[in-house]
Amino acid sequence: MEIKNVMVVGAGQMGAGIAQVCAQAGYQVLLHDIKEAAVEKGLAVIQKNLTRQVEKERMTEDDKNMILANVIKSTTITDAENADIIIEAVVEKVEVKTAIFTELDRYAPAHAILASNTSSLPITEIAAATKRPDRVIGMHFMNPVPVMKLVEIIRGLATTEEVFSVIEMMTKKLKKVPVAVNDFPGFISNRVLMPMINEAVYALYEGVASKEAIDEVMKLGMNHPMGPLTLADFIGLDTCLFIMETLHDGFGDDKYRPCPLLRKYVKAGWLGKKTGRGFYTYE
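Keep in mind that what you see is a predicted model, and the values were worked out from it rather than measured.

S.K.: Would you take a moment to explain the overall build of the protein for this structure?
M.R.: Regarding its fold elements, the protein presents eleven helices and eight strands. The globule rule puts the C-alpha radius of gyration for 283 residues at 19 Å, and the 19 Å found for the protein is close to it. The principal-axis extents of the C-alpha atoms in the protein amount to approximately 55 × 45 × 30 Å. Within the span of the protein, comprising 283 residues, buried residues form 48% of the whole. Within the protein, contacts between residues at least 6 apart in sequence are counted, and of these 66% link residues at least 24 apart.

Right, dumping it as structure tokens:
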């Protein structure tokens with residue numbers, strides 16, 4: 001199976017990034033959202049990213065214009081009828097994703113692959129909302145998508161080897177590194193990362209050290225590019241809490257219990273960089 005036409009559902013930060021790398025790889029891309037303003041905002045992010053590459057002399061103005069020409073706006077879900085693959089990148093709520101996959105299944109051609117960019121939700125459950133579970137797969141891109149090389153590829157219970165191979169080849173064409181992961185809560189990236197962040201929050205909660213000290217230990221002692229509390233602020237504390245709850249519910253193991261301080265900050269609306277305050281304060 002050859003992929004030519006890609007539809008990305010969700011024009012937020014992740015969706016725009018996925019659309020950009022697909023367009024750069026030469027695919028025709030439909031960037032879809034329910035609101036035109038959201039699609040316009042996503043396109044503006046792509047344009048800004050590409051302009052920065054031109055300024056750094058990593059691509060020409062002609063290259064930029066050619067990539068932008070590969071991206072088409074969409075606000076109608078029936079546009080799925082022309083897609084070879086649809087990559088969903090909407091809010092991390094299973095009921096939202098399953099509703100979208102049910103709708104995509106209705107309009108996408110029989111050969112189309114349906115992929116989810118979920119960071120922690122079960123692909124098998126999402127696939128069960130369709131009549132083609134064998135053609136549903138996880139493609140978990142890292143943020144920011146144009147920069148980060150990793151893509152976790154997650155087979156659902158029914159995903160065929162043919163679909164896995166097609167997605168593996170596509171990922172390489174996007175100049176990303178595909179890593180096969182089985183369908184468990186949090187996959188690998190978040191199953192390892194989020195408990196580390198949660199433990200850092202516990203260390204702060206218990207008064208083991210200041211937030212600055214905790215971050216410095218992990219940066220200087222473990223060679224991490226940023227400390228876990230800073231990273232949590234960049235990810236979003238609400239997202240961190242949601243993933244910890246997913247791990248806790250999925251495994252039923254109290255080692256994944258979210259720290260009470262993390263819950264407290266989320267209830268206070270201190271969600272990190274996006275709200276101006278999390279563990280740190282941002283102007």
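The rest of the description comes next.
S.K.: Which parts of the structure should I look at to understand the UniProt feature "domain: 3-hydroxyacyl-CoA dehydrogenase NAD binding" (unreviewed entry) in the protein?
M.R.: The feature "domain: 3-hydroxyacyl-CoA dehydrogenase NAD binding" (unreviewed entry), as annotated in UniProt, sits at residues 5-183 in this numbering. In the segment residues 5-183, helix accounts for 41% and strand for 22%; the C-alpha atoms at its two ends are 27 Å apart.

S.K.: Help me understand the packing of helix 7 (residues 189-205) against helix 10 (residues 237-251), please; the structure alone is not making it clear to me.
M.R.: Angle between the axes and distance between the axes: these two values describe a pair of packed helices. In the contact formed by helix 7 and helix 10, the axes pass within 10 Å of each other and the chain directions differ by 115°. As summarised for this structure, helix 7 and helix 10 are arranged roughly perpendicular, according to the angle between their axes. Helix 7 and helix 10 meet at a crossing whose hand is left-handed. Note on element contacts: helix 10 touches helix 7 through C240, I243, M244, L247 and F251, opposite N190, R191, M194, P195 and N198. Grouping the constituent residues of the contact of helix 7 with helix 10 by class yields seven nonpolar, two polar and one charged.

S.K.: Quick question: what am I supposed to make of the side chain of K176 here?
M.R.: The topology assignment puts K176 in the loop between helix 6 (161-173) and strand 8 (177-181). Among buried Asp, Glu, Lys and Arg side chains, K176 stands out as unpaired, with E152 the closest opposite charge at 14 Å. For K176, the residues in contact, after removing those within four places along its chain, are V21, V145, P146, V147, M148, K149, V151 and T171.

S.K.: Is there a simple way to think about helix 7 in this case?
M.R.: Two residues of an α-helix separated by three or four positions point the same way, owing to the 3.6 residues in each turn. Between its first and last C-alpha atoms helix 7 spans 24 Å; for 17 residues at 1.5 Å apiece the expected length is 24 Å, and the two agree. Among all positions of helix 7, only S189, N190, M194, P195, I197, N198, A200, V201, Y202 and A203 are buried. In this fold, the buried residues of helix 7 make contact with strand 6 (136-141), strand 7 (150-155), helix 8 (211-222), helix 9 (228-235), helix 10 and helix 11 (260-267). Just past helix 7, the residue G207 takes up positive phi, approximately 75°.

S.K.: What should I look at first to understand the packing of aromatic side chains in this one?
M.R.: Two numbers describe a pair of aromatic rings. These are the distance of the centres and the angle of the planes. Under the criterion given, the structure shown has five aromatic pairs. Look at Y202 and Y205: their rings are 6.3 Å apart centre to centre, the planes differ by 65°, and that puts the pair in the edge-to-face class. You can see Y202 and its partner Y205 sitting in helix 7, three residues apart, about one turn around the helix. When its relative accessible area of 11% is taken as the criterion, Y202 is described as buried. Residue Y205 is classed as partly exposed on the basis of its relative accessible area of 46%.

Cut-offs and rules
- Residues numbered from 1 in each chain as written.
- Predicted model: local features only at pLDDT ≥ 70, side-chain atom pairs only at ≥ 80, totals over all residues.
- Heavy atoms only, no water.
- Helix = DSSP H or I, 4+ residues; strand = E, 2+ residues; numbered from the N terminus.
- Rg over C-alpha atoms; globule rule 2.2 N^0.38 Å.
- Buried < 20%, exposed > 50% of the residue type's maximum accessible area, 1.4 Å probe, protein only.
- Contact = heavy atoms within 4.5 Å.
- UniProt positions renumbered as here; feature names shortened; annotations may be inferred.
- Axes fitted to C-alpha atoms, helices over the stretch in contact; angles between N-to-C directions.
- Parallel < 35°, antiparallel > 145°, perpendicular 65-115°, else oblique.
- Left-handed = near helix turned anticlockwise from the far one by under 90°.
- Nonpolar A, V, L, I, M, F, W, Y, C, P; charged D, E, K, R; others polar.
- Lys, Arg positive; Asp, Glu negative; His and termini not counted.
- Salt bridge = Lys/Arg side-chain N within 4 Å of Asp/Glu carboxyl O.
- Expected span 1.5 Å × (residues − 1).
- Phe/Tyr/Trp six-rings, centres within 6.5 Å; stacked < 30°, edge-to-face > 60°.

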